[in-house]
Amino acid sequence: MPGFELFDQREIDAVTDVIKRKMVHRYSFVRTRDEIYKCEEFENAVAQKMGAKYCLAVNNGSAALYIALKNSGLEPGDEVITTPFTFIASIEAILQCGLIPVLAEIDESLNLNPEGVADYITDRTRAIMPVHMFGGCADLDAFQEICLDNGLSLFEDACQAIGAKYHGKFSGTIGKWGAYSLDPYKVITVGEGGLILTDDESLYHRMEYYHDHGHIHSKIIERGAEGKACLGFNFRMSEIEGALGLVQLSKIDTALERMKNNRDRVLNEVGAIDGLKLRNCSDADGEIAMNIIYLLPDASIARKFQNAAKELGVACGNFSDNSWHYARHWEVLRDYSAKLRANSGCNCDSCNSYPLYRPNEWPVTQSILERTAVFGIDVNMSDESINLMIKAIKHGAKTI
């Protein structure tokens, strides 16, 4: 899956060009850079490719989530409904904004279940943020309807789903904003980087100012002589990463096609096996095929299947074990919420009513994740590795 699988001379040339020109800062030196702005070129190319009006490049996907949340008009103590099965950055970004993450259950798509979200809406709920887990979009039609009916905003954590589609539209372009990650484990990568997409001009400018200390950016006057729009912080992407991103974006279709071909070769050879079910997907054609994810009949069978597959030397995961993506394992979150409940000298309502996250919560999510068997799909896979994965799945299936 990683985008660096496709690194070649083009990435080397792009980085070398930036270094030779000595223009590594995305905004400075307006009089000597010959109007070459690689980050801006990258942003424009992403917006055009994905069908969004605006794109802001930042230094990582976690920052993308934080910046977008911070500038969406929410107030400390407001609640954001999201999923307990996500990378921990989704929750950290909410907390860093002084917001309260409310974790609802998932369904067999492994994404937030829209059917149960209504039970979590309170008078403090302001937004729903589904996470498009492992390259498969959540049921955005359902979430749009829920948000419309309840006066809520829809945000998309698409950090794991750059290039995925939902009914013909790219992930990240359907909610008020969408965030992508460009870290080394994503379909395209710049090492560390993130992107925020939106059609909201006012939101875009707030984020643009905020991500660079409030600078009102100008190509006419030198940096430092510009006006200041607001307080912010430094989440800038460098020109080196912008140049890398341009090359990587040109390869995204190739990467997606190869992963889908590799996945389909495996699935077509394995065929239909009783008790071996692929995860549900709201748009199967739009999934980016970064994994093959099976749901087994029960947890015990899933463990036997996993162990059998591993006997042949093929990595096979079970998502209930995933300590970075599953809230049951996040003792740090439970400790954090307990401290807030204890007030530490604070008597605000948001602290007093902060939820206590317990390790035995989310029983539906647990019952789904403990039945998973997961195989990773790479961009470049040899015939030998594909055939070995096929053998491992068939060997595991004997335990069902």
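What counts and how
Residues numbered from 1 in each chain as written. Predicted model: local features only at pLDDT ≥ 70, side-chain atom pairs only at ≥ 80, totals over all residues. Heavy atoms only, no water. Helix = DSSP H or I, 4+ residues; strand = E, 2+ residues; numbered from the N terminus. Expected span 1.5 Å × (residues − 1). Buried < 20%, exposed > 50% of the residue type's maximum accessible area, 1.4 Å probe, protein only. Arc of directions from axis to C-beta. Contact = heavy atoms within 4.5 Å. Pairing = 2+ DSSP bridges. Axes fitted to C-alpha atoms, helices over the stretch in contact; angles between N-to-C directions. Core = buried A, V, L, I, M, F, W, Y, C linked by side-chain atoms within 4.5 Å. Phe/Tyr/Trp six-rings, centres within 6.5 Å; stacked < 30°, edge-to-face > 60°. Right-handed = clockwise from strand over helix to strand, strands pointing away.

1. Remarks on helix H14 (residues 383-397)
Spanning 15 residues, H14 covers 21 Å between terminal C-alpha atoms, matching the ideal 21 Å at 1.5 Å per step. Those residues of H14 not exposed but buried are Ile386, Met389, Ile390, Ala392, Ile393, Gly396 and Ala397. End-on view of H14: buried residues confined to an arc of 160°, all on one side of the axis. The exposed set on the far side of H14, more than 90 degrees from its buried face, consists of Glu384 and Lys391.

2. Concerning the side chain of His215
Its location among the elements puts His215 in the loop between helix H7 (201-210) and helix H8 (239-249). Excluding its chain neighbours within four sequence positions, the residues that come into contact with His215 are Tyr209, Arg223, Gly224, Glu226 and Gly227.

3. A look at the sheet that holds strand S12 (residues 372-376)
The strand order across the open sheet formed by three strands is S10-S11-S12, and the pairing between neighbours is antiparallel. One side of each edge strand has no neighbouring strand; the edge strands of this open sheet are strand S10 (277-278) and S12. Here two bridges tie S10 to strand S11 (residues 291-295), and the two strands are oriented antiparallel to one another. In the strand pairing of S11, Leu278 is matched with Tyr294. With respect to the sheet, helix H9 (residues 252-270) is in contact with S10 and S11, its orientation differing from that of S11 by roughly 35°.

4. Some words on the environment of Asp298
Mapping Asp298 onto the fold places it in the loop between S11 and helix H10 (299-311). Residue classification places Asp298 among the partly exposed positions, given a relative accessible area of 33%. Counting along the chain gives 55 residues from Asp298 to Ala243, while the straight-line C-alpha distance between them is 47 Å.

5. Concerning the sheet that holds strand S3 (residues 100-103)
Read from one edge of the open sheet, seven strands run S1-S9-S8-S5-S4-S2-S3, paired in mixed fashion. Looking at the sheet topology across the chains shown, the edges are occupied by strand S1 (54-58) and S3. Between one strand and the next, the sheet's axes are offset by a mean angle of 25°, whatever the strand orientation. In this fold helix H2 (residues 38-50) packs onto S1, strand S8 (177-181) and strand S9 (194-198), with an angle of close to 135° to the strand it touches most, S1.

6. Some details on unusual backbone geometry
One non-glycine residue, His213, lies in the positive phi region at around 60°. If you trace the backbone, His213 turns up in the loop between H7 and H8. You will see that Trp362, though not glycine, has its phi angle at about 55°, which is positive. By secondary structure assignment, the location of Trp362 is in the loop between helix H12 (349-352) and helix H13 (363-369). Taking relative accessible area as the criterion, Trp362 reaches 6% and is therefore assigned buried.

7. Side note on the nonpolar core
Judged by nonpolar contacts, the single largest core of 96 residues is most densely connected at Val187, Tyr294 and Phe375. No other element matches H9, which puts seven residues into this core. Apart from residues lying up to four places away in sequence, Tyr294 is in contact with Leu267, Val270, Leu276, Lys277, Leu278, Arg371, Thr372, Ala373, Phe375 and Ile393. Grouped together as the second largest cluster of nonpolar side chains are 27 residues, Tyr66, Ala68, Val80 and Met129 included.

8. Let's talk about H8
Given 3.6 residues per turn, any residue in an α-helix points the same way as the ones three and four places further on. Among the eleven residues that make up H8, nine are buried, leaving the element largely enclosed by the rest of the structure. Looking only at H8, the buried set comprises Glu239, Glu241, Gly242, Ala243, Leu244, Gly245, Val247, Gln248 and Leu249. Looking at the buried residues of H8, the elements they touch are helix H1 (9-21), H2 and H9.

9. A few points about the packing of aromatic side chains
If you walk through the whole model with that rule in mind, you get twelve aromatic pairs. Geometrically, the ring pair formed by Tyr66 and Phe235 is tilted, given 5.7 Å between the ring centres and 50° between the ring planes. Here the residue Tyr66 occupies a position in helix H3 (residues 61-70), and Phe235 occupies one in the loop between H7 and H8, the gap between them amounting to 169 residues. A single burial state applies to Tyr66 and to Phe235, both of which are buried. Between Phe134 and Phe319 the ring centres are 4.7 Å apart and the planes differ by 25°, which places this aromatic pair in the stacked class.

10. What to know about the pairing of S12
By the criterion of burial, S12 is predominantly enclosed, with four of the five residues buried. Bridge analysis of S11 against S12 gives five bridges, and the strand direction is antiparallel. By the bridge assignment for S12, Ile293 is matched with Val374.

11. Describing the pairing of S3
Residues of S3 alternate between two faces, with Ile100 and Val102 on one and Pro101 and Leu103 on the opposite face, all of them buried. Both strand S2 (residues 79-82) and S3 contribute to a ladder of four bridges, which runs parallel. Considered in S3, the bridge of Ile81 is made with Val102. Chirality of the crossover, the property in question, places the unit of S2, helix H4 (residues 89-96) and S3 among those that are right-handed.

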